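A closer look at the structure
Residue strings, one per chain:
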Amino acid sequence: MTLSTAQKLQHLMEQFSGSDHVLVLINADPDAIASAMALKRILWRRVTRLTLSNINTITRPDNMAMIRLLDVTLIHVTKITPNEFNKVVLLDSQPSHNESFREFKFNVIIDHHEPDSYDAPFKDVRPEYGATASIMTEYLKTAKIKPSDKLATALFHGIKTDTNNFERMATNADIQAFQFLFRHANIHLARRIEQVDLRMGFLDYFKQAISEKTVADDRICVHLGNVETPDICVLIADFFMRVNTVTWSIVSGLCEGRLIIILRNDGLRKDAGGVAAKQFGRFGTAGGHKSMARAEIPVETLRKNLENLEKDTVKQWILERINAVFDQCQKQKTDASS
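Notes on the structure in this doc start here.

Definitions and cut-offs
Residues numbered from 1 in each chain as written. Predicted model: local features only at pLDDT ≥ 70, side-chain atom pairs only at ≥ 80, totals over all residues. Heavy atoms only, no water. Pairing = 2+ DSSP bridges. Helix = DSSP H or I, 4+ residues; strand = E, 2+ residues; numbered from the N terminus. Contact = heavy atoms within 4.5 Å. Axes fitted to C-alpha atoms, helices over the stretch in contact; angles between N-to-C directions. Phe/Tyr/Trp six-rings, centres within 6.5 Å; stacked < 30°, edge-to-face > 60°. Buried < 20%, exposed > 50% of the residue type's maximum accessible area, 1.4 Å probe, protein only. Polar contact = N/O pair within 3.5 Å; in protein donor to acceptor, adjacent residues only side chain to side chain.

1. Considering the sheet that holds strand 5 (residues 108-111)
- Within the open sheet, the 6 strands sit side by side as 3-2-1-4-5-6. Their pairing is parallel. Pairing within the sheet leaves two strands with one partner each, and these edge strands are strand 3 (75-76) and strand 6 (122-125).
- With 2 bridges connecting them, strand 2 (residues 49-54) and strand 3 associate as parallel partners. Bridge assignment links Ser53 to a residue of strand 3, and that residue is Ile75.
- Those strands touched by helix 1 (residues 5-13) are strand 5 and strand 6, and its axis lies near 145° from that of strand 6.

Next comes the structure, spelled out in structure tokens:
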């Protein structure tokens, strides 16, 4: 039976009591940050304590600007004491998306990614939605909570970011949430956040990526070696998708003991999340959407599968796994036509 938003909100509220100490975990990006802000507002004065905690290191300039300009308080997961909380919420992610989540038992999961098999007392997972912020906006509207300008701006920015200004998958629900938030958001503040996405130090990585890229048919791939933050891989993968002949962009780098692989495509009959999960999931964590995905593989695991971690070796290993998917698709097309 499909529940209404009002019924889901009621079930959500039933998970909490006035004595609860709640930990909200996110892999901080605009959608996750906005969703966490919305949940904090919904549970305001309904629980004793609510802490927002990020598992990742926030280095992207736009995310840093969002946190600063919207007065968001986040505490890194390494600085919290888990046993101080009796309820744990996961927003905009699935437990299988990151090893850091595996240490926690979740009472609530609200997300728009494809669900994994984790069983929580309350789950609201809508993979057809373009953003978790849209789900949280529905909760706010159903609870008859008028969002502050900062909260509305955060949710507005979260939906725009995760749908890439509605160029990626979105539903009427995303559009309706966006229209509602537009009436309450500070558009000038949202624009300031959007326009801050590069640091001076990032430019050298762009230079490296352009000079070391490998182009095969409509695919472009580069392995950057050591990077100061995984966000550099994301920025460059998105940058390469702006080339008119490119339909797949694969950018990887080593950071904090992990190989980060970012996949992007043009969204036309492709499945980046499926490719990531199938080709890299058994080595670490992997998943995402049709047009964007991410894999993270521990360096220890990588060493067991490669002779060395030289840049060309790692890039070749990634390309072989990616190309295997395209070769299989081509064979299926050939067999179907013969």
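2. Describing the packing of aromatic side chains
- This structure, assessed with the given rule, holds 10 aromatic pairs.
- Here Phe166 and Phe178 contribute two aromatic rings whose centre-to-centre distance is 5.1 Å and whose plane-to-plane angle is 80°, an arrangement assigned as edge-to-face. Pair noted here: Phe166 is in the loop between helix 5 (149-162) and helix 6 (172-182) and Phe178 is in helix 6, with a separation of 12 residues, a long-range link.
- Judged by its relative accessible area of 28%, Phe166 falls in the partly exposed class.
- When the ring of Phe206 is compared with that of Phe239, the centres are 5.3 Å apart and the planes differ by 80°; the resulting orientation is edge-to-face. In this pair, Phe206 is assigned in helix 8 (residues 203-212) and Phe239 in helix 9 (residues 231-240), connecting sequence segments 33 residues apart.

3. Digging into helix 4 (residues 132-142)
- Of all 11 residues making up helix 4, 9 are buried, and the element is well covered by its neighbours.
- Those residues of helix 4 lying buried are Thr132, Ala133, Ser134, Ile135, Met136, Thr137, Glu138, Tyr139 and Leu140.
- The inward-facing, buried residues of helix 4 abut helix 1, helix 2 (30-42), strand 5, strand 6, helix 5 and helix 6.
- Just beyond helix 4, the residue with positive phi is Lys144, at close to 60°.

4. Describing the environment of Ala143
- Here Ala143 lies in the loop between helix 4 and helix 5.
- Of the residues examined, Ala143 reaches a relative accessible area of 31% and is grouped as partly exposed.
- Once the C-alpha coordinates of Ala143 and Ile42 are considered, the two residues, 101 residues apart in sequence, prove to be 7.9 Å apart.

5. Considering the side chain of Thr153
- Mapped onto the elements of the fold, Thr153 is located in helix 5.
- The class of Thr153 is buried, set by a relative accessible area of 0%.
- Within the structure, Thr153 has its side chain in polar contact with the backbone oxygen of Asp149 (distance 2.5 Å).
- Ignoring anything within four residues of it in the chain, the contact list for Thr153 reads Leu70, Ala185, Asn186, Leu189 and Ala190.

6. Structural notes on helix 3 (residues 61-69)
- The buried fraction of helix 3 amounts to 7 of the 9 residues, a majority that puts the element mostly inside the structure.
- Those residues of helix 3 that are buried are in contact with helix 2, helix 5 and helix 7 (187-194).

7. Some points on the environment of Thr214
- If you trace the backbone, Thr214 turns up in strand 7 (residues 214-216).
- Taking C-alpha positions, Thr214 is 21 Å from Leu302, a pair spaced 88 residues apart along the chain.
- Residues within four places of Thr214 in sequence aside, it is in contact with Arg219, Ile220, Cys221, Lys315 and Leu319.
- Within the structure, the side chain of Thr214 is placed 2.7 Å from the side chain of Lys315, a separation counted as a polar contact.

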